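This is what each chain is made of:
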Amino acid sequence: MSHFDEMTALLYLESQLDDDHAQDVSTHAATCPECRELLHALETEGVWLRESLAGDEEAVPSRLIDAPERHAAPWGWISALGLSAGGAYTLWSGFIEPWRAQAAQAGFTQGNLFTMLFFSGAFWKGWDAMRSLMEFLAVATLGVLVMWLLRRRWRSFPTIAVVLGAMICSLAIPPAASAAETKHGNPNYTLPAGEETKTDLIVFADRTQINGNVDGDLIVWSRSVAVNGHITGDIICFSQELTVDGPVDGNVRAFAQKVTLNNKVGKNVMAWAGELNIAEKSIVGGTVTAGTGNGELNGHIAGDILAFGGDFDVNGSLGHDAAFQVETLHIGPSAEIKGRTKFQGSREAEVSPAAKLASPIEFTLKKHEHERNYSSPRFYWHQTLLWGASFVFGLVLILLAPGFLFDAQRACRKIAQSIGFGLLFLLATPIAAIIVCITIVGLGVGISTLLLYVIAIYSANVYVGSWLGERILGEGVGVGAALGRLALGLVILRVVGTVPYIGGWISFVVVAWGLGAMVLALYRYMRPQLAPAIS
Amino acid sequence: MERRKTTGEMSAAEIAEVLTQVRAGDADAWGELYRMYGPAIFRFCRRALPTREDAEDATTEVFMKVRQKLGTYDSSRPFTAWLYKVASNHCWDMLRRRRIRQDLETGDLETLPLEHPDPSQLERLQAEHGSKEVRNGLQKLPDRARMALVLRYFAEMSYDEIADTLGVRRAFVGVLLLRARHQLRDVLAGTDSSFMLGAGGAKR
């Protein structure tokens, strides 16, 4: 045997060689003074290291003299728990229990997600409350994140308790009281003229006629709905046909095949309909948002209009701006638009010379995915902005959760595994979130899950981009190098993503890949730390 | 190889009894357990982590973890080994989460040429540097190199345990240790090179 190397010598000394190999080393060392000397030096070094590390001149600090105790849990935490319990109870009694009661009264079970969502939404007085909940969740998430980041700096538990308490108190703000009258048609329902419902009215019927007045919201599931009376609140309607001939003080939110408005609407109109007709006599006090195959504006809208869909005819008047993203736009002779008019469509709008427009129509030709204008600077500016947004997201991750980003980046190396997990996550998460939403208690959880899901999808580029940058630039050290890798990787992904035809598919794979890597990294974090020790 | 003793003259049976009492919620037994092992775990954390404050925090957190997880401890195995495992996992996790570690990967390290030491120079290095200098030098090493030396030569962990803690292949542990020794020699000899600028080397 020739001289052995230092690695072999170390493994020999640490009893890490197999018997045959160890015997060879031993035999050789017996006859080779040089190797024997190496062995001796390494062995001495091992002893020296052990003795040095065992040195015990540093005193244990006084704050570690006493054992950390559970009963040391400070009063602050107890207060926080108490507040949490109070907040949870308020949330349950204020929000959830009334929903349940009203849903049960309306003959609903928890079986239908969408009706439950809209139904509950109605009792929230529209989407404003939904937005408030979202805001609360966002603030709460941020609060938790801040607390997590500062946890090592906060030794004063009461401080945390105060913050927690404040958060929980915000939950305890009681919602506005609500009540509703529910009617089931047999099969039709009519609220006779001259009668007035002093509360919200919920109707399930084949055909619905509201000839009387409703002093509250009108919520209807019906094949056809005709509203002739006065509605002081909102109309929320799911039907084939909705005709509103009476005045509405609030909003009209309709999901219908055909929507016709013939009277005043005090606030806003949101319609998802095959046909929408805002008739000549109709006046909308707020804005109109419409997704429609065939839309007509013959009346007056005080605010803006935003319309998507097929064809749109404007013959009425508009107090502010108009934005149309429709196939064809026709502006008739009696049309009047006092603000700007933006139109994105397949061909230029047909505008009557008699129409009164405050400014010329700003027309943009609608381009399909494969018809991107690669020669337009705007296209590259847009791509640069998108790249910048991803980069800033990655920067935040690097600063706030570098370990996690590093793990996710490493997980990207397992390409097939990451893509597989990513696809699973991509498909399973929304399904799971919807299932959670179906149980009424889980509505908030389900919606938050979906929000996190969207954020996770957005973050996928960052992980794959970092990995890609590492492949090209190598494993430089520090935040600067990490940012460089991220920047380069994101540039490449963005460039590849804009390649006609295959770019979209590549982006999809990147999303699945990054999501899978994120899942693997999360698994690594959540894996019980003691498992290896126990096993 | 015998695990570093931390319990003085306490026998395994006595330790088992204390643990039983702790599991039963006996505060005095918990205090006794902490007094027995707290200093050793603090010293371990002090060597594994870059600052004294980190080590103090980690010691408290390790014992809170121990208390939570004591029910999962397998009493057929040495308690000290389990305790060090908990501590090393915790410290490594702290380091891992805190910074973007850019340690070179297994494959790269395996291909790095390792210069053979001159045995006489090695002996001279040992003679010229005391324990405190070695510990100070240790703080200048990259996280993974420092952890490897502490796990092996302070906590007396096996190669399997080190591999498991640091998340590397077992076959790589020897390379890691040898490389860490070289780095420590370089630091002590004042010839430490680029790795000191890395994730683990700055701001001690």
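### Notes on the overall build of chain A
Item 1. When helices and strands are counted, chain A shows 14 helices and 21 strands.
Item 2. The proportion of buried residues among the 535 residues of chain A is 31%.

### Comments concerning the overall build of chain B
Item 1. In terms of regular secondary structure, chain B is built from ten helices and zero strands.
Item 2. Mapped in sequence order, the helices and strands of chain B form the string α-α-α-α-α-α-α-α-α-α.
Item 3. Looking at chain B as a whole, 43% of its 204 residues qualify as buried.

### Side note on the confidence of the model for chain A
Detailed conclusions should not be drawn from predicted coordinates in areas where pLDDT is low.
Item 1. When pLDDT is averaged along chain A, the result is 77; 71% of the residues meet or exceed 70.
Item 2. pLDDT under 50 marks residues 528–535 of chain A. Its contacts with residues more than four places away, or in other chains, come to eleven contacts.

### Thoughts on the pairing of strand β8 (residues 252–261) of chain A
Item 1. Pairing between strand β7 (residues 235–244) of chain A and β8(A): nine bridges, direction parallel. Within β8(A), the residue paired with A:L242 across the bridge is A:V259.

### What to know about the confidence of the model for chain B
Residue and element names in this part refer to chain B.
Item 1. In this model, chain B carries an average pLDDT of 77, and 79% of its residues clear a pLDDT of 70 or more.
Item 2. Per-residue pLDDT, averaged within each element of chain B, yields its smallest value for helix α5 (residues 106–111) (46) and its largest for helix α8 (residues 143–153) (90).
Item 3. A low-confidence stretch, residues 100–108 stays under pLDDT 50, and its non-local contacts, those more than four residues away or across chains, total 22 contacts.
Item 4. Low confidence marks residues 193–204, where pLDDT is under 50. Its contacts with residues over four positions away, or in another chain, come to 27 contacts.

### Some details on the sheet that holds strand β17 (residues 336–337) of chain A
Residue and element names in this part refer to chain A.
Item 1. Overall, parallel pairing links the six strands, which are arranged β9-β11-β13-β15-β17-β20 in an open sheet. Edge positions in the sheet fall to β9 (264–265) and β20 (356–357), since each of these pairs with one other strand and no more.
Item 2. The pairing of strand β13 (residues 300–301) with strand β15 (residues 317–318) spans two bridges and is classified as parallel. By the bridge assignment, I301 is partnered in β15 with L318.

### Side note on unusual backbone geometry
Item 1. In this structure, A:S15 is a non-glycine residue whose phi angle is positive, near 55°.
Item 2. Its location among the elements puts A:S15 in the loop between α1 (6–13) and α2 (19–31).
Item 3. On the neighbour-count criterion, A:S15 (10 C-beta atoms within 10 Å) is exposed.
Item 4. With a phi angle near 55°, B:E156 is a residue other than glycine that sits in the positive phi range.
Item 5. One can find B:E156 in the loop between α8 and α9 (159–166).
Item 6. Judged by the 17 C-beta atoms lying within 10 Å of it, B:E156 is partly exposed.

### Re α9(B)
Item 1. Here α9(B) lies mainly inside the structure; six of its eight residues are buried.
Item 2. Among the residues making up α9(B), those that are buried are B:Y159, B:E161, B:I162, B:D164, B:T165 and B:L166.

### Observations concerning the nonpolar core
Item 1. If you look at the biggest cluster of nonpolar residues, it comprises 69 residues, and the most contacted ones within it are B:F44, B:C45 and B:A148.
Item 2. Sequence-distant contacts of B:A148, defined by excluding residues within four places in its chain, comprise B:I162, B:L166, B:L176, B:L177 and B:A180.
Item 3. Core analysis: the next-biggest nonpolar cluster, separate from the first, contains 52 residues, A:A205, A:A271, A:V314 and A:L318 among them.

### Quick word on the packing of α1(A) against helix α10 (residues 170–189) of chain B
Any two packed helices are characterised by the angle at which their axes cross and by the distance between the axes.
Item 1. Two elements in contact, α1(A) and α10(B), have axes whose closest approach is 10 Å; the angle formed by their N-to-C orientations is 110°. With respect to α10(B), the element α1(A) is oriented roughly perpendicular. Between α1(A) and α10(B), the contacting residues are A:E6, A:M7, A:L10 and A:L11 on the first element and B:G174, B:V175, B:L177 and B:L178 on the second.
Item 2. Of the residues belonging to the contact of α1(A) with α10(B), the class tally is six nonpolar, one polar and one charged.

### Details of the environment of A:C412
Residues and elements named next belong to chain A.
Item 1. As for its position among the elements, C412 is in the loop between α9 (402–411) and α10 (415–438).
Item 2. Residues C412 and G514, spaced 102 residues apart in sequence, show a C-alpha to C-alpha distance of 6.9 Å.
Item 3. If sequence neighbours within four positions are ignored, C412 has contacts with S418, Y463, V464, W467, W513 and A517.

### Description of the pairing of strand β10 (residues 269–278) of chain A
Item 1. The pairing of β8(A) with β10(A) spans nine bridges and is classified as parallel. What sits directly across from A:R253, in β10(A), is A:M270.

### Regarding the packing of α8(B) against α9(B)
Residue and element names in this part refer to chain B.
Item 1. Orientation of α8 relative to α9, taken along the N-to-C sense of each, is 145°, at an axis distance of 10 Å. Considering only the axes of α8 and α9, their crossing is right-handed. Together, R144, M147, A148, L151 and R152 of α8 and I162, T165 and L166 of α9 make up the contact between the two elements.

### Examining the environment of B:L138
All names here are of chain B.
Item 1. Mapped onto the secondary structure, L138 falls in helix α7 (residues 131–138).
Item 2. Here L138 falls in the buried class, since 25 other C-beta atoms lie within 10 Å of it.
Item 3. C-alpha of L138 to C-alpha of R181: the two residues are 43 residues apart in sequence and 9.7 Å apart in space.
Item 4. Every residue in contact with L138, bar those within four places of it in the chain, is listed here: R47, R146, L149 and L184.

### Some remarks on the environment of A:G469
Residues and elements named next belong to chain A.
Item 1. Considering the arrangement of structural elements, one finds G469 in helix α11 (residues 443–473).
Item 2. Distance in space between the C-alpha atoms of G469 and V491 is 9.4 Å, their sequence separation being 22 residues.
Item 3. Every residue in contact with G469, bar those within four places of it in the chain, is listed here: G484, R485, L486, L488 and G489.

About the criteria used
- Residues numbered from 1 in each chain as written.
- Chains lettered and ligands numbered in written order.
- Predicted model: local features only at pLDDT ≥ 70, side-chain atom pairs only at ≥ 80, totals over all residues.
- Helix = DSSP H or I, 4+ residues; strand = E, 2+ residues; numbered from the N terminus.
- Buried ≥ 20, exposed ≤ 12 C-beta atoms within 10 Å, placed from the backbone.
- pLDDT = per-residue confidence, 0-100.
- Contact = placed C-beta atoms within 7 Å.
- Pairing = 2+ DSSP bridges.
- Core = buried A, V, L, I, M, F, W, Y, C linked by C-beta atoms within 7 Å.
- Axes fitted to C-alpha atoms, helices over the stretch in contact; angles between N-to-C directions.
- Parallel < 35°, antiparallel > 145°, perpendicular 65-115°, else oblique.
- Nonpolar A, V, L, I, M, F, W, Y, C, P; charged D, E, K, R; others polar.
- Left-handed = near helix turned anticlockwise from the far one by under 90°.

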